[in-house]
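Residue-level listing of the chains:
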Amino acid sequence: MKKLLLACALLIPTLSHAQIFNLSRVTSTGDGTLDALFDAEIQEIENDINADLPTGDPKRLMEGMANSQAASGKGLATDYISHFDKVLIGAGLGLGADLEENKEADSDLSGIGITGGLQLGLNMSLFADKSFLGLDPNRTTVMLNFFSFGLDRDFDDNSAKIDMLSFGFSGTYKWIDGNGSRLFGWDGVRLHTGYQYTKADITFTGKINEEVNETISGGGTITGTILGNPKGTIETGTHSIPLEISSGVNFLWVMSFYGGVGTDFNMGSAKGKGDLNTQDSTLTCNGGLCSGETADVRTSANIDDEADVNPFFLRGFAGFQVNLPYIRLYAQGNKVFGTEVYSLATGLRLAF
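Let me sum up the structure you'll find in this document. (Residues numbered from 1 in each chain as written. Predicted model: local features only at pLDDT ≥ 70, side-chain atom pairs only at ≥ 80, totals over all residues. Heavy atoms only, no water.)

**Describing the sheet that holds strand β11 (residues 281-287)**
In spatial order, the strands read β1-β12-β11-β8-β7; together these 5 strands make up an open sheet with antiparallel pairing. Pairing within the sheet leaves two strands with one partner each, and these edge strands are β1 (22-25) and β7 (208-215). Taken over all neighbouring pairs, the strand axes of this sheet differ in orientation by 20° on average, direction set aside. Inspection of the sheet shows strand β8 (residues 221-228) paired to β11 by 4 bridges, in the antiparallel sense. Bridge assignment links Ile222 to a residue of β11, and that residue is Cys285. (Pairing = 2+ DSSP bridges. Helix = DSSP H or I, 4+ residues; strand = E, 2+ residues; numbered from the N terminus. Axes fitted to C-alpha atoms, helices over the stretch in contact; angles between N-to-C directions.)

**With respect to empty space enclosed by the protein**
In total, this model carries 2 cavities of 30 Å³ or more according to the counting rule given. Each pocket or cavity is described by its volume, and for the largest cavity that value is around 120 Å³. When contributions to the lining of the largest cavity are tallied by element, the ones reaching two or more residues are β5 (158-180), β6 (184-205) and β9 (231-251). Among the elements that make up the lining of the largest cavity, the one with the highest residue count is β6 (3 residues). (1 Å grid on protein atoms, 1.4 Å probe; cavity = no way out; pocket = protein on both sides within 12 Å on 5 of 7 lines; lining within 4 Å. Points joined across faces, edges and corners; volume = space filled by probe spheres on them.)

**Things to note about the state of the cysteines**
A full pass over the atoms with the stated rule returns 1 disulfide. Cys285 shares a disulfide with Cys290; S-S distance 1.8 Å. For the disulfide bridge between Cys285 and Cys290, the dihedral angle about the S-S bond is near 60°, and by the sign convention the bridge is right-handed. Using a relative accessible area of 1% as the deciding quantity, one classes Cys285 as buried. Exposure remark for Cys290: the relative accessible area of 7% places this residue in the buried category. (Disulfide = S-S within 2.5 Å. Buried < 20%, exposed > 50% of the residue type's maximum accessible area, 1.4 Å probe, protein only.)

**Notes on unusual backbone geometry**
With a phi close to 55°, Leu252 is a non-glycine residue in the positive phi region. Structurally, Leu252 is set in the loop between β9 and β10 (255-275). Located in the positive-phi region is Tyr326, a residue other than glycine, with phi close to 65°. Counting through the fold element by element, Tyr326 comes out in the loop between β14 (312-324) and β15 (327-336).

**As for the pairing of β8**
Here β8 shows one buried face, formed by Ile222, Gly224, Ile226 and Gly228, and one open face, formed by Thr221, Thr223, Thr225 and Leu227. Both β7 and β8 contribute to a ladder of 8 bridges, which runs antiparallel. Note on β8: the bridge partner recorded for Thr215 is Thr221. In this structure, the hairpin formed by β7 and β8 is closed by a connection of 5 residues, where Gly218 is found at a positive phi of approximately 100°.

**Here we look at the side chain of Glu293**
Tracing the sequence through the fold places Glu293 in strand β12 (residues 290-300). With no salt bridge to any partner, buried Glu293 finds its closest opposite charge in Arg25, at an N-O distance of 13 Å. A distance of 2.6 Å separates a polar atom in the side chain of Glu293 from the backbone nitrogen of Ser291. Look past the residues within four positions of Glu293 in its chain and what remains in contact with it is Thr29, Leu34, Phe38, Leu283, Thr284 and Cys285. (Lys, Arg positive; Asp, Glu negative; His and termini not counted. Salt bridge = Lys/Arg side-chain N within 4 Å of Asp/Glu carboxyl O. Polar contact = N/O pair within 3.5 Å; in protein donor to acceptor, adjacent residues only side chain to side chain. Contact = heavy atoms within 4.5 Å.)

**Details of the packing of aromatic side chains**
Applying the stated rule across the entire model yields 9 aromatic pairs. Between Phe147 and Phe149, the ring centres sit 6.1 Å apart and the planes meet at 25°, which makes this aromatic pair stacked. Relative accessible area serves as the criterion here: at 39%, Phe149 is assigned to the partly exposed category. Both rings, one in Phe167 and one in Tyr195, keep their centres 6.5 Å apart while their planes meet at 50°; by these two values the pair is tilted. (Phe/Tyr/Trp six-rings, centres within 6.5 Å; stacked < 30°, edge-to-face > 60°.)

**Some words on the nonpolar core**
Within the largest apolar cluster, 17 residues are counted, with the highest numbers of intra-cluster contacts made by Met62, Met65, Ala270 and Phe313. Of all the secondary-structure elements, those providing two or more residues to this core are α3 (58-72), β5 and β6. Tallying contributions element by element places α3 first for this core, with 6 residues. Setting aside residues no more than four positions away along its own chain, Phe313 makes contact with Asn67, Ala70, Ala71, Gly262, Thr263, Asp264, Asn266 and Val336. Counting residues in each nonpolar core, the second largest holds 15 residues, with Ile216, Ile226, Leu283 and Cys285 among its members. (Core = buried A, V, L, I, M, F, W, Y, C linked by side-chain atoms within 4.5 Å.)

Spelled out as structure tokens, the structure:
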């Protein structure tokens with residue numbers, strides 16, 4: 001479990017078709033047979049260390065991180081069916097994930113993203129009572145959002161740090177009026193656009209302490225300790241401009257359901273970098289063919305890569321909202337078509 005936590009926190013597989021941590025013998029006993037026995041045991045130790053960790057192309061992971069981060073901001077700070085006349089104030093959280101399985105990896109996750117937001121929505125009737133550029137101010141709302149947060153957490157011999165930043169704005173126009181009532185009725189059709197910037201930097205530091213005590217063919221025993229202090233960082237930043245159309249229904253005053261489709265134009269990337277911070281470890285062989293011979297083992301990893309976000313999303317979304325007096329509770333799911341990128345946005349708003 002600790003190794004799996006290490007992988008999830010670092011989120012940095014190594015070279016394609018390679019394992020995360022690579023062990024190699026860097027000294028010789030002077031005996032080819034003993035060297036071969038050490039090499040076989042070192043390979044088994046490497047396989048054991050990597051047993052619960054994914055393998056695969058780090059560029060694919062960085063792409064998944066960038067796409068997940070861009071998706072995490074969808075639905076977080078847009079008015080789809082809030083029913084407010086003047087001002088809306090709220091807070092929300094968005095989570096994104098690329099759930100595409102890598103056939104070359106023991107992992108069901110190719111990336112994650114997280115975005116938070118404090119929101120301020122304004123109905124434009126506060127500022128104008130006549131149409132402007134053909135837009136009715138009573139049908140037009142603007143929402144601003146901003147969030148900055150940092151967290152440090154220690155667990156066992158490891159520590160993790162995350163720094164988040166997000167800001168943006170959205171505009172919504174009720175293009176077609178609905179019919180019926182809040183008791184039961186169609187809410188009409190709304191158009192949406194805006195801009196969203198999301199950033200999440202994840203840093204993880206940990207400790208590898210792998211005890212070795214293995215019997216080899218010939219009756220000898222190899223003992224020692226493989227040590228390492230890995231540190232990894234993934235820096236993800238994305239810009240996104242959505243174009244959306246949505247509609248919804250109201251039911252029993254309290255419930256509202258909505259959905260729609262949209263396209264997103266994205267820029268940005270995710271970059272991984274890290275270091276194992278290790279020194280050579282010594283393994284010793286005694287008994288059988290061995291008489292105290294040693295081999296120095298070096299741990300290495302290639303965990304640096306970078307990838308851009310997909311420049312274009314075609315996305316569907318659906319959500320529901322609970323409408324209480326002055327209070328709105330909402331949750332929305334998003335799916336990027338043609339991919340396994342999903343996101344969820346949820347939060348609470350006060351509407352006046």
